[in-house]
Amino acid sequence: MKYLALFFCFFMLSCEHKTREVNIDRLAFDTNDATVLFFKNVRRAYYTMEDRQDAKAHIFRLQDWEDLDQPTHLQTAIIHQWTLGKAYVFLESKHGIDVSKPFQVNWQKAQTNEQGILEYTVGNAQEQAIFLTKLYQLLQQEASLTVDIDQKKEPLFGSKDGQDLFRKTMIDYYRLIQML
């Protein structure tokens, strides 16, 4: 019975991040030994790592991006600059979107039918993190996200699986920079 209660507490704490709001105003890039240790010992197994000695950084990408049945128009990766104790999240695209140019994401909340456009402008690490955080917040509010590709609206992340991979990357990133 004691183990069941312990498991339930662990389960509830691990799911807390799904509803916990991320405050854009607190967005920072600093890591600490504890967050880096957690990422490397617990979450690292789910990522491929590109070692960039020239930048003194590691780039982490979830392995499951490659296994998706439906292509995703936007992917994310985490950059950890170990010499500076900083981590960044950035955009990558495989299909249809050129992230070196501005683009728009259409969103609509299912429960309220509220809708709008989230604009991406090419920018620095902070601007990318803000844009990705806004996408994350919209997904937390169960908004559908689409992009116009060849004059047709397509899901930004291809499928629910793509959304989940985006969400997992962002949660790992927020933990790494001490926001969750």
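These numbers were taken from a predicted model, which means no experiment stands behind them. Position numbers for residues count from 1 along each chain, tracking the sequence in the order it is written. The model is predicted, so local features are restricted to residues of pLDDT at least 70 and side-chain atom pairs to those at 80 or more, both for listing and for counting; the totals for chains, interfaces and linings are taken over all residues. Side-chain figures throughout are based on the complete set of non-hydrogen atoms in the structure, without hydrogens or water.

1. Quick look at the layout of surface pockets
Stage number 1. The distinction between a cavity and a pocket rests on a 1 Å grid over the protein atoms alone: a 1.4 Å probe fits inside a cavity but cannot get out, while a pocket stays open yet meets protein on both sides within 12 Å along at least five of seven lines, and a residue with an atom within 4 Å of a point counts as lining. Grid points are joined across faces, edges and corners, and a volume is the space filled by probe spheres set on the points. Considering only enclosed or pocket space, the second largest pocket measures out at about 210 Å³ in volume.
Stage number 2. Lining the second largest pocket are ten residues, and of these Leu139, Gln140, Lys160, Gln163 and Arg167 lie nearest its centre.
Stage number 3. Note on conventions: DSSP H or I runs of at least 4 residues are helices, E runs of at least 2 residues are strands, and numbering of each starts at the N terminus. Mapped onto the lining of the second largest pocket, the elements with two or more residues apiece are helix 3 (125-140), strand 7 (143-149) and helix 4 (160-176).
Stage number 4. The biggest single contributor to the lining of the second largest pocket is helix 4, with four residues.
Stage number 5. Polar here means any residue outside two lists: the nonpolar Ala, Val, Leu, Ile, Met, Phe, Trp, Tyr, Cys and Pro, and the charged Asp, Glu, Lys and Arg; Gly therefore counts as polar. Partitioned by chemical class, the residues of the lining of the second largest pocket number two nonpolar, three polar and five charged.

2. Here we look at the packing of aromatic side chains
Stage number 1. What counts as a ring pair is set by centres within 6.5 Å for rings of Phe, Tyr and Trp (its six-membered ring), and what kind of pair is set by the plane angle: stacked under 30 degrees, edge-to-face over 60, tilted for all other angles. Taken as a whole and assessed by the stated rule, the structure comprises ten aromatic pairs.
Stage number 2. Taking 5.3 Å as the distance between ring centres and 55° as the angle between the ring planes, the aromatic pair formed by phenylalanine 39 and tyrosine 47 counts as tilted.
Stage number 3. When a residue's accessible area, from a 1.4 Å probe over protein chains only, is under 20% of the maximum for its type it is buried; when over 50% it is exposed; and in between it is partly exposed. The class for tyrosine 47 is buried, based on a relative accessible area of 1%.
Stage number 4. Taking the centre distance of 5.2 Å and the plane angle of 70° together, the rings of tyrosine 136 and tyrosine 174 count as edge-to-face. Of this pair, tyrosine 136 sits in helix 3 while tyrosine 174 is found in helix 4, placing the two residues 38 residues apart along the sequence.
Stage number 5. The exposure class of tyrosine 136 is buried, given its relative accessible area of 2%.

3. With respect to the sheet that holds strand 3 (residues 75-81)
Stage number 1. Two strands form a pair only when DSSP identifies at least two bridges running between them. Pairing is antiparallel across the open sheet formed by four strands, whose spatial order is 1-2-3-4. Each edge of the open sheet is held by one strand with a lone partner, namely strand 1 (47-52) and strand 4 (86-92). The average undirected angle you get between the axes of adjacent strands in this sheet is 25°.
Stage number 2. With three bridges joining them, strand 2 (residues 57-62) and strand 3 adopt antiparallel strand pairing. Within strand 3, the position partnered with phenylalanine 60 by the bridge is isoleucine 78.
Stage number 3. Working rule for contacts: check all heavy atoms of both residues, and any pair within 4.5 Å makes them a contact. Only the stretch in contact is used when a helix axis is fitted, and all axes are lines through C-alpha atoms; the angle between N-to-C directions ranges over 0 to 180 degrees. The sheet strands contacting helix 4 are strand 1, strand 2, strand 3 and strand 4, and the helix crosses strand 3 at an angle near 20°.

4. Looking at empty space enclosed by the protein
Stage number 1. A full pass over the atoms with the stated rule returns one cavity of 30 Å³ or more.
Stage number 2. Put simply, the largest cavity is a space of about 30 Å³.
Stage number 3. Thr35, Phe38, Phe39, Asp172, Arg175 and Leu176 together form the lining of the largest cavity.
Stage number 4. At the level of secondary structure, the elements contributing two or more residues to the lining of the largest cavity comprise helix 2 (33-43) and helix 4.
Stage number 5. Looking at the lining of the largest cavity, its residues break down into three nonpolar, one polar and two charged.

5. Quick notes on the side chain of glutamate 92
Stage number 1. Topologically, glutamate 92 is positioned in strand 4.
Stage number 2. Sequence-distant contacts of glutamate 92, defined by excluding residues within four places in its chain, comprise Arg61, His73, Leu74, Gln75, Ala77 and Val99.

6. Remarks on the pattern of salt bridges
Stage number 1. Each salt bridge in this description consists of a side-chain nitrogen of Lys or Arg and a carboxyl oxygen of Asp or Glu lying within 4 Å of one another. Tallied over the entire structure, the rule returns nine salt bridges.
Stage number 2. The partner of arginine 43 in a salt bridge is aspartate 172, with the nearest N and O atoms 2.8 Å apart. With arginine 43 in helix 2 and aspartate 172 in helix 4, this residue pair connects regions lying 129 residues apart in the sequence. The two residues arginine 43 and aspartate 172 agree in class, both being buried.

7. So, the sheet that holds strand 5 (residues 103-109)
Stage number 1. If you walk across this open sheet you meet the four strands as 6-5-7-8, and the pairing is antiparallel. Only two strands of the sheet have a single neighbouring strand rather than two, namely strand 6 (115-120) and strand 8 (152-155). Each neighbouring strand pair of the sheet contributes to a mean axis angle of 35°, computed without reference to strand direction.
Stage number 2. The pairing of strand 5 with strand 7 spans four bridges and is antiparallel. Its bridge partner being in strand 7, glutamine 108 is matched across the sheet by serine 144.
Stage number 3. Along the sheet, helix 3 contacts strand 5, strand 6 and strand 7; its crossing angle with strand 6, the most-contacted strand, is approximately 160°.

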